[in-house]
Amino acid sequence: TKFDIDSLFPVSDGSGGEVPGYQIYVIIAWLREVDVIEKLGRDGYVIRDKSVLRGKLDEQWNEIHAKST
C-alpha cells in the first residue's frame, strides 16, 4: 500500500491536540532506517512486508529502549 506523508496529517495525540509535524517525520525516518517502509521517490512510501511489520516494530522499539537504559 502506497502512502504519502501528507495523508497522515493531522495525527491526534489522544487528548484532543495534534502531534507536531516534525515528530511524524522522525517516525518516518526511523521506519525507513529499520526497513519497515521504503521511499518510492516522489511517489511516497510503501510498507515493505506487512506480515512481519508488528514483530519488527516491537523488536526495534525494544532495542531502542535497551540502549537508553
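Anything mentioned here points back to the structure above.
Residues numbered from 1 in each chain as written. Predicted model: local features only at pLDDT ≥ 70, side-chain atom pairs only at ≥ 80, totals over all residues. Heavy atoms only, no water.

Caption draft 1: Representation of the overall build of the chain within the structure. Scanning the chain for helices and strands turns up two helices and three strands. Overall, the chain shows an N-to-C arrangement of helices and strands of β-α-β-β-α. Once the C-alpha set of the chain is aligned to its principal axes, its extents read approximately 30 × 30 × 20 Å. Counting across all 69 residues of the chain, residues that qualify as buried make up 19%. Taking as baseline every contact in the chain between residues at least 6 positions apart, the subset at least 24 positions apart corresponds to 36%. For the chain, the accessible surface area stands at approximately 5300 Å², while carbon and sulfur atoms represent 52% of it. A gap of 5 Å separates the mean positions of the 9 positive and 12 negative side-chain charges of the chain. (Helix = DSSP H or I, 4+ residues; strand = E, 2+ residues; numbered from the N terminus. Buried < 20%, exposed > 50% of the residue type's maximum accessible area, 1.4 Å probe, protein only. Contact = heavy atoms within 4.5 Å. Areas by Shrake-Rupley, 256 points an atom, 1.4 Å probe, with all protein chains shown as cover. Lys, Arg positive; Asp, Glu negative; His and termini not counted. Charge placed at Lys NZ, Arg CZ, Asp CG, Glu CD.)

Caption draft 2: Highlighting the nonpolar core. Counting ten residues, the largest nonpolar core is built from Phe3, Ile5, Val19, Ile24, Ile28, Leu31, Val34, Val36, Ile37 and Tyr45. Element by element, the count of residues in this core is highest for helix H1 (residues 21-33), at three residues. Excluding anything up to four places from it in sequence, Ile24 contacts Leu8, Phe9, Val11 and Val19. (Core = buried A, V, L, I, M, F, W, Y, C linked by side-chain atoms within 4.5 Å.)

Caption draft 3: Highlighting the pattern of salt bridges. Here the structure, examined in full by the defined rule, presents one salt bridge. Among the salt bridges present, the one from Glu38 reaches Arg48, with a minimum N-O distance of 2.8 Å. Of the two residues, Glu38 sits in strand S2 (residues 37-39) while Arg48 sits in the loop between strand S3 (45-47) and helix H2 (53-68), which places them ten residues apart along the sequence. The class for Glu38 is partly exposed, based on a relative accessible area of 35%. Residue class for Arg48 comes out partly exposed when judged on its relative accessible area of 46%. (Salt bridge = Lys/Arg side-chain N within 4 Å of Asp/Glu carboxyl O.)

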